[in-house]
Amino acid sequence: MTYYIAWGVTGAGHFLSEVFLTMKKIKKLFNVKITTFTSKAGEEVLRIYGFLPKIKEVSPGNYYEEFFCSGSAWSFPVSGRLQLGKYNLLVIAPCSANTTAKIVHGIADTMVTNIFAQAQKGKIPTYILPTDWLPSETELPPMVNRDVCRGCKPCPPMEKCPYGAFEFVEGKARINLEKCWGCGLCVSLCPYKAVSFRERVKVTPRKIDVENVEKLCGFENVKVLRSPKELENLLFKFLEGKVKP
Ligand SMILES: Cc1cc2nc3c(=O)[nH]c(=O)nc-3n(C[C@H](O)[C@H](O)[C@H](O)COP(=O)(O)O)c2cc1C
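These figures come from a predicted structure and were not determined experimentally.

S.K.: Can you explain the overall build of the chain? Please cite residues and give values.
M.R.: The number of helices and strands found in the chain is nine helices and twelve strands. Along the first, second and third principal axes, the C-alpha set of the chain runs to 60 × 40 × 35 Å. Of all 245 residues assigned to the chain, the portion counted as buried reaches 49%. For the chain, restricting intrachain contacts to residue pairs at least 6 apart in sequence, the fraction spanning at least 24 positions comes to 78%. By element, 53% of the accessible surface of the chain is carried by carbon and sulfur atoms, the whole surface being about 12,100 Å². Positive and negative charge centroids in the chain, built from 34 and 23 side chains respectively, lie 4 Å apart.

Here you go:
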């Protein structure tokens, strides 16, 4: 049997590396078709963390294996698939605090919040991995530490950045994340190690975001997961036919 999974990716860097690995793993190990749906922010954050060029490894573009981002459409015609119950499962991972807040307040104005709304109508089981629930560690995007940067001229990362994402601001280098494709080339090029990528830092969620996740736990047909590992384990059990979603 072929499983059909709709996967919503929001604009969240937290858990993104782990989630992308899980998507690749299940695509490789199971007979599964994954359609990836992203919000506008989701597409940007996939780019910043270097995953946008790799999305074809998960959703290669065949029928029901497309990559849909919000683009210029505001009514998200493709989300009708979820209302019609065409997928076995909807996964929203990572799910930003913004998308969680919108979902619990019934707002459906982005690709991801809209597929959630349609999935509820189509009674499609849904797994959600919220980013802002339990205190944990997150990976930062590419960054220049301005305390370490010496403002070299020429600046080797700036010279070699394929996307022209480096600029000087008040004599020191800065990465313009609107141009960055997360290739990571810059990290090894700075002689003073002022550039970092995927640096891990602790995050403590806001009270309002925690409260929203708690509301989400009460939704029908929704399972809220605490970690990428918990999500992966559950997906494996589901795809092995050991649990019903
Ligand atoms: C590099 C980067 C990483 C981000 N990571 C997170 C995150 O982990 N969790 C979160 O709630 N928002 C995160 N944001 C902020 C969201 O992208 C922003 O709130 C956006 O409006 C979310 O839109 P969406 O929910 O429609 O995807 C991040 C933003 C950037 C630029």
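S.K.: Quick one: what's the story with the domain arrangement of the chain, residue by residue and with numbers?
M.R.: We note that the domain assignment places domain 1 (3–135 + 205–239) and domain 2 (141–197) within the chain. Taken together, the contact pairs six residues of domain 1 with nine residues of domain 2. Both faces considered, domain 1 and domain 2 share a buried interface measuring about 630 Å² in area, 64% of it formed by carbon and sulfur atoms. Summed over the three residues of domain 1 that lose the most area to domain 2, namely Arg47, Ile48 and Tyr49, the buried surface amounts to 81% of that side. Where domain 1 meets domain 2, there are zero salt bridges.

S.K.: Break down the packing of helix H1 (residues 16–29) against helix H9 (residues 228–239) for me, citing the residues and quoting the values.
M.R.: At a closest axis distance of 10 Å, the pairing of H1 and H9 adopts a crossing angle of 15°. Relative to H9, the element H1 is oriented roughly parallel. Crossing handedness for the pair H1 and H9: right-handed. Between H1 and H9, the residues in contact are Glu18, Thr22, Lys25, Ile26 and Leu29 and Pro228, Glu232, Leu235, Phe236 and Leu239, respectively. In terms of residue class, the contact of H1 with H9 is built from six nonpolar, one polar and three charged.

S.K.: Lay out the packing of aromatic side chains in plain terms, naming residues and giving numbers.
M.R.: Going through the model one piece at a time under the given rule, you end up with eleven aromatic pairs. With 5.9 Å between their ring centres and 55° between their planes, phenylalanine 116 and phenylalanine 219 make a pair best called tilted. Pair noted here: phenylalanine 116 is in helix H5 (residues 111–121) and phenylalanine 219 is in the loop between helix H8 (207–216) and strand E12 (222–224), with a separation of 103 residues, a long-range link. Cluster of aromatic residues (ring-pair linked, three or more members): Tyr4, Phe37, Tyr63, Tyr64, Phe68 and Tyr87. Between lysine 153 and the ring centre of phenylalanine 168, over which it is positioned, the NZ or CZ distance is 4.7 Å.

S.K.: Account for the packing of helix H4 (residues 97–104) against H5, naming residues and giving values.
M.R.: In the contact formed by H4 and H5, the axes pass within 10 Å of each other and the chain directions differ by 35°. Along this stretch, H4 crosses H5, giving a crossing that reads as right-handed. Judged by residue contacts, Thr99, Lys102 and Ile103 of H4 engage Val112, Thr113 and Phe116 from H5. Taken together, the residues of the contact of H4 with H5 break down into three nonpolar, two polar and one charged.

S.K.: Account for H9, with residues named and values stated.
M.R.: For H9, with twelve residues, the first-to-last C-alpha span of 16 Å sits near the 16 Å given by 1.5 Å per residue. All of the buried residues in H9 are Pro228, Leu231, Glu232, Leu234, Leu235, Phe236, Phe238 and Leu239. Turning to H9, the residues buried within the fold contact strand E1 (3–9), H1, strand E2 (32–38), strand E4 (89–95), strand E5 (126–130) and E12. Backbone geometry just downstream of H9 places glycine 241 in the positive-phi region, at approximately 75°.

S.K.: An account of the site of the ligand is requested, with residue identities and associated values reported.
M.R.: Around the ligand, 17 residues are found, and the nearest of them are Gly11, Ser39, Ser96, Ala97 and Thr99. Serine 96 places a side-chain nitrogen or oxygen 2.6 Å from an oxygen atom of the ligand. Contact between the ligand and asparagine 98: an oxygen atom at 2.9 Å from a side-chain N or O atom of the residue. When the ligand is considered free in solution it has 640 Å² of accessible area, and contact with the protein chains removes 67% of it. Secondary structure elements with two or more residues in the shell around the ligand: helix H2 (40–48) and H4.

S.K.: Hey, could you go over the sheet that holds E2 for me, with residue numbers and the actual values?
M.R.: Sheet architecture is open: six strands sit in the order E3-E2-E1-E4-E5-E12, paired in parallel fashion. Across the chains shown, the open sheet's two edge strands, defined by having one partner strand only, are strand E3 (67–69) and E12. Put simply, the sheet's adjacent strands are angled 20° from each other on average, direction ignored. Of the strands in this sheet, E1, E2 and E3 are in contact with H2, which crosses E2 at around 105°.

Cut-off values and rules
Residues numbered from 1 in each chain as written. Predicted model: local features only at pLDDT ≥ 70, side-chain atom pairs only at ≥ 80, totals over all residues. Heavy atoms only, no water. Helix = DSSP H or I, 4+ residues; strand = E, 2+ residues; numbered from the N terminus. Buried < 20%, exposed > 50% of the residue type's maximum accessible area, 1.4 Å probe, protein only. Contact = heavy atoms within 4.5 Å. Areas by Shrake-Rupley, 256 points an atom, 1.4 Å probe, with all protein chains shown as cover. Lys, Arg positive; Asp, Glu negative; His and termini not counted. Charge placed at Lys NZ, Arg CZ, Asp CG, Glu CD. Domains from an automatic or database assignment. Buried area = accessible area lost by both parts, 1.4 Å probe. Salt bridge = Lys/Arg side-chain N within 4 Å of Asp/Glu carboxyl O. Axes fitted to C-alpha atoms, helices over the stretch in contact; angles between N-to-C directions. Parallel < 35°, antiparallel > 145°, perpendicular 65-115°, else oblique. Left-handed = near helix turned anticlockwise from the far one by under 90°. Nonpolar A, V, L, I, M, F, W, Y, C, P; charged D, E, K, R; others polar. Phe/Tyr/Trp six-rings, centres within 6.5 Å; stacked < 30°, edge-to-face > 60°. Lys NZ or Arg CZ within 6 Å of the ring centre and 35° of its normal. Expected span 1.5 Å × (residues − 1). Near = heavy atom within 4 Å. Polar contact = N/O pair within 3.5 Å; in protein donor to acceptor, adjacent residues only side chain to side chain. Pairing = 2+ DSSP bridges.

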